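Tertiary structure, described
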Amino acid sequence: IATQKGLDLSKHATERLAQRGITPKTAEKAIQQGQQITDLKHGTTSHVLQGGFASGKTLDAATNAAGKVTTAVRKTKFNPNAKLPDGTPRYIPQ
């Protein structure tokens, strides 16, 4: 996930970090310290760092199977019980 030059970021992740005011260092902290949860909707691993910001908001940094960061989202609240349209759980804790 982390390289000698920092995180391995997709183009989308780079754009979203910049748009959302999230530093690569903060995303890296979520990946290293956040709860790992499989996101079945996107086929990624979410690294959820509750209260990861000074504001108390949560950071969700997602990585693909190769370990590349695909996106990062600042959330007021993370809902681990979210469901897919067919009613199955979206998230599976690791």
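Just so you know, these numbers come straight off a predicted model, no measurement behind them. Counting restarts for each chain, with residues numbered from 1 along the sequence as it is written. Under the rules for a predicted model, residues below a pLDDT of 70 receive no local features and side-chain atom pairs below 80 are neither given nor counted, while totals for whole chains, interfaces and linings still include all residues. Processing note: side-chain calculations cover all non-hydrogen atoms of the structure and skip hydrogens and water entirely.

Focus: the overall build of the protein chain
Helix and strand definitions follow DSSP, with helices as H or I runs of at least four residues and strands as E runs of at least two, each counted in order from the N terminus. A count of helical and extended segments in the protein chain gives two helices and seven strands. For the protein chain, the N- to C-terminal ordering of α and β elements is β-β-α-α-β-β-β-β-β. Radius of gyration: C-alpha atoms only; globule rule: 2.2 Å multiplied by the number of residues to the exponent 0.38. Compactness check: the protein chain gives a C-alpha radius of gyration of 13 Å against a globular reference of 12 Å for 94 residues, within 12% of the reference. By the burial criterion, 39% of the 94 residues in the protein chain qualify as buried. We call two residues contacting when some pair of their heavy atoms lies within 4.5 Å. A sequence separation of at least 24 residues applies to 44% of the contacts in the protein chain between residues at least 6 apart. The accessible surface values rely on the Shrake-Rupley method and a 1.4 Å probe; as for residues, cover is taken only from the protein chains in view. Of the roughly 5,700 Å² of accessible surface on the protein chain, 51% is carried by carbon and sulfur atoms. The protein chain carries 14 positive and 6 negative side-chain charges, and their two centres are separated by 6 Å. The classification of residues rests on relative accessible area computed with a 1.4 Å probe and restricted to protein chains. Under 20% of the type maximum is buried, over 50% is exposed, and intermediate values are partly exposed. Charge assignment in this entry is limited to Lys and Arg as positive and Asp and Glu as negative, and neither His nor the chain termini are counted. All charge positions are set by atom: Lys at NZ, Arg at CZ, Asp at CG, Glu at CD.

Brief notes about helix H2 (residues 24-33)
The set of residues buried in H2 consists of Thr26, Ala27, Ala30 and Ile31. Projected onto a plane normal to the axis of H2, the buried residues spread over an arc of 145° and lie on a single side. Turned more than 90 degrees away from the buried face of H2, the exposed residues are Lys25, Gln32 and Gln33. Looking at the buried residues of H2, the elements they touch are strand E2 (6-7), helix H1 (11-20), strand E4 (44-49), strand E5 (58-63) and strand E6 (69-75). Directions are taken from the helix axis to each C-beta atom, and the arc is the one they span.

Observations regarding the side chain of Lys75
Turning to its location among the elements, Lys75 is positioned in strand E6. In this structure Lys75 comes out as buried when scored by relative accessible area, which is 19%. Here the side chain of Lys75 touches Asp60 through a polar contact of 3.0 Å, side chain to side chain. Apart from the residues within four sequence positions on either side, Lys75 is in contact with Lys57, Thr58, Asp60 and Tyr91. In the analysis that follows, any N or O atom pair within 3.5 Å is treated as a polar contact, provided that within protein one partner can donate a hydrogen and the other can accept it, and provided that, for residues neighboring in sequence, both atoms belong to side chains.

Remarks on the pattern of salt bridges
The working definition used for a salt bridge is a side-chain nitrogen of Lys or Arg within 4 Å of a carboxyl oxygen of Asp or Glu. Overall, the coordinates contain three salt bridges when judged by the stated rule. Between Lys75 and Asp60 there is a salt bridge; the shortest N-O distance is 3.0 Å. With Lys75 in strand E6 and Asp60 in strand E5, the pair connects residues that are 15 residues apart, well separated along the chain. Asp60 sits in the buried class, given a relative accessible area of 7%.

Focus on the nonpolar core
The biggest cluster of nonpolar side chains holds 13 residues, and the ones touching the most others in it are Ile22 and Leu59. When contributions to this core are tallied by element, the ones reaching two or more residues are H1, H2, E5 and E6. Sorting elements by how many residues they give to this core places H2 first, with three residues. Each residue touching Leu59, except ones within four places of it in the same chain, is listed here: Ile22, Thr26, Ala27, Ala30, His47, Val48, Leu49, Phe53, Ala72 and Val73. Here, nonpolar core refers to any group of buried Ala, Val, Leu, Ile, Met, Phe, Trp, Tyr and Cys residues whose side-chain atoms link them within 4.5 Å. Residues Ile37, Val48, Phe78 and Ala82 belong to the second largest nonpolar core, which totals five residues.

That is the geometry; function is a separate question.
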